[in-house]
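# Structure at a glance
Chain by chain, the residues:
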Amino acid sequence: MSDKSSIKRVLYKVEQLVERGIDKRVRIAVTGLSGAGKTAFITSLMNQLLHIADNDQLPFLRAAKEGRILATKVSSYDELHIPEFKYKQSLDAIFDKKPTWPVSTTGISQAQLDIRYTIKNEWLKKLQKQSQLTVDIIDYPGEWLLDLPLLRLSFKDWSMQCHELLEQSELDSSWREQAVELIYQQPLQDDKIAQVSTEYKDFIRQNFSQQHTYNLLQPGRFILPGELAGAPVLDFFPVLDIDILNSDWSTLSSDSLIRILEKRFNYYKKQIIEPFFKEYFEKVDRQILLVDCLEVLNNGYQNYRNMQFTLSELLKSFHYGHSNWIKRMFSPSIDKLLIAATKADHVPPEQHRELELFLQKMLQGSRNDIQYEGIELETLAISAIKVTEAVMAEHQAQKLMCVKGVELSSGDEVINYPGKIAPHSLSKELWQEQQYDFVDFAIPGNLTSSILPHIRMDKVLQFLIGDKFR
Ligand SMILES: Nc1nc2c(ncn2[C@@H]2O[C@H](COP(=O)(O)OP(=O)(O)OP(=O)(O)O)[C@@H](O)[C@H]2O)c(=O)[nH]1
Ligand SMILES: [Mg+2]
């Protein structure tokens, strides 16, 4: 690297640090498994802010209520190697004559918004009337997030975890049976390793749609390889034989199958997961964890436990700590975490509190650990794009609050009573008694305003950036 370009890099770094220090820049990590609602959320967040001047849907965003947020624009960011978030494409799909939800994400993209606001602070006001807040957000496929907990595991730990999960699950064991035949202590040709890896990937991909055993879906690039499709770095699989797992590996030669698999696993961690995590998540200031509780409720006890385990493991990957600008300049850490139950428009408003409590209970352990660090934590039931209406209707001879919307699968208008959400954790037996019936809703073709209808996006914005408009 030339001296000139390294000076430029240092100057850029200093500028970034100064901006962080005086709170002019906020980087938000939108965290959520595949289908949790990240892309819909980012689209709505941008839409609400880009229409700030005529948006009367944000009563809980204080600075907007006070009329101090003047305008927002999409700005270009410095990370030129990252594609831009396809905001217009998402919005066009939503406002089309035949609307569709934004498509599932297959790669990384970034959005940067510059928000101009009037300064409130008496002292700062004397220096300058207006200021600007820059908000950075990254979108990526949820599957890739499943990799973060792998950073803490060795190849043997990971194999042991896969072994235990497969033992507990009722998955088809055909791949396991043939993998046990392999002689792990001896070398194996590359093309045979590639073949067994491909079969393993197929095996877990099938389970992805059948069961919700998220930890078996690691590594995330096995499910969605992106630019790594076909690369040898993805040619590995776990050792599942318990006798081999319990044996001493220290004397194994470097060309044995175990060592080759271990080497590729470590390479994947070092070269794929670590840079992804460092570049996109290590520098974040605020985090929102999006959880599709409806999927959890629809799929029963085992799915609940899997999701609980996966999200708790995931949250351990982030750095949480007090907000203090000096500290943040040198070691950035998250000072606010919002845990949000997405798609709350599937649930009548009178049950939103139950939805929040259900999510709070589900993540109680993680919440406790994070709160211990002194960080601000909130739980909300939200809908990035509200596509239903609450209506009173008869359900099993009872008048109940239901939701009315266009069913995605049939295109028909339906009135749905999703069931009663328990505001607490349920035992395995009680789970079996619960009856939930959530349907997927389409975006109606009659959205009139160019501002997306939502539930509590203003509370989300207040929590994530409201304090920055000083
Ligand atoms: N009713 C309703 N459905 C929603 C909402 N947000 C998301 N959805 C539904 O959830 C689906 C997934 O949302 P996405 O935003 O694509 O989820 P994602 O987290 O980006 O998923 P990946 O890109 O696969 O990681 C959408 O296609 C919608 O069907 C919402 O606010 N209301
Ligand atoms: Mg997405």
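Rules behind the numbers
- Residues numbered from 1 in each chain as written.
- Chains lettered and ligands numbered in written order.
- Predicted model: local features only at pLDDT ≥ 70, side-chain atom pairs only at ≥ 80, totals over all residues.
- Heavy atoms only, no water.
- Near = heavy atom within 4 Å.
- Polar contact = N/O pair within 3.5 Å; in protein donor to acceptor, adjacent residues only side chain to side chain.
- Areas by Shrake-Rupley, 256 points an atom, 1.4 Å probe, with all protein chains shown as cover.
- 1 Å grid on protein atoms, 1.4 Å probe; cavity = no way out; pocket = protein on both sides within 12 Å on 5 of 7 lines; lining within 4 Å.
- Sits in = over half its atoms within 2 Å of the grid points.
- Helix = DSSP H or I, 4+ residues; strand = E, 2+ residues; numbered from the N terminus.
- Nonpolar A, V, L, I, M, F, W, Y, C, P; charged D, E, K, R; others polar.
- Pairing = 2+ DSSP bridges.
- Axes fitted to C-alpha atoms, helices over the stretch in contact; angles between N-to-C directions.
- Contact = heavy atoms within 4.5 Å.

In the annotation of an unreviewed UniProt entry, the entry for the chain reads YcjX family protein, and the organism field reads Kangiella aquimarina.

### Some thoughts on the site of ligand 1
Neighbouring ligand 1 are 20 residues; K38, A40, S104, T105 and G142 lie closest to it. Between K38 and ligand 1, the recorded distance is 2.8 Å, taken from a side-chain N or O atom to an oxygen atom. The fraction of the free accessible surface of ligand 1 (650 Å²) that becomes covered by protein chains is 91%. Of all the cavities here, the one that holds ligand 1 is the largest pocket. Here the shell around ligand 1 takes three residues from helix α2 (residues 38-50), the largest share from any one element. Taken together, the residues of the shell around ligand 1 sort by class into eight nonpolar, nine polar and three charged.

### Considerations on the sheet that holds strand β10 (residues 413-416)
Read across the open sheet, the three strands follow the order β8-β9-β10; overall the sheet is antiparallel. One side of each edge strand has no neighbouring strand; the edge strands of this open sheet are β8 (389-395) and β10. Recorded for the sheet is a direction-independent mean angle of 40° between the axes of neighbouring strands. Note that β8 and strand β9 (residues 398-406) share seven bridges and pair antiparallel. Within β9, the residue paired with E394 across the bridge is K399.

### Some remarks on the environment of K156
Relative to the assigned elements, K156 resides in helix α7 (residues 155-168). Separated by 265 residues in sequence, K156 and I421 place their C-alpha atoms 40 Å apart. Each residue touching K156, except ones within four places of it in the same chain, is listed here: L245, S247 and W249.

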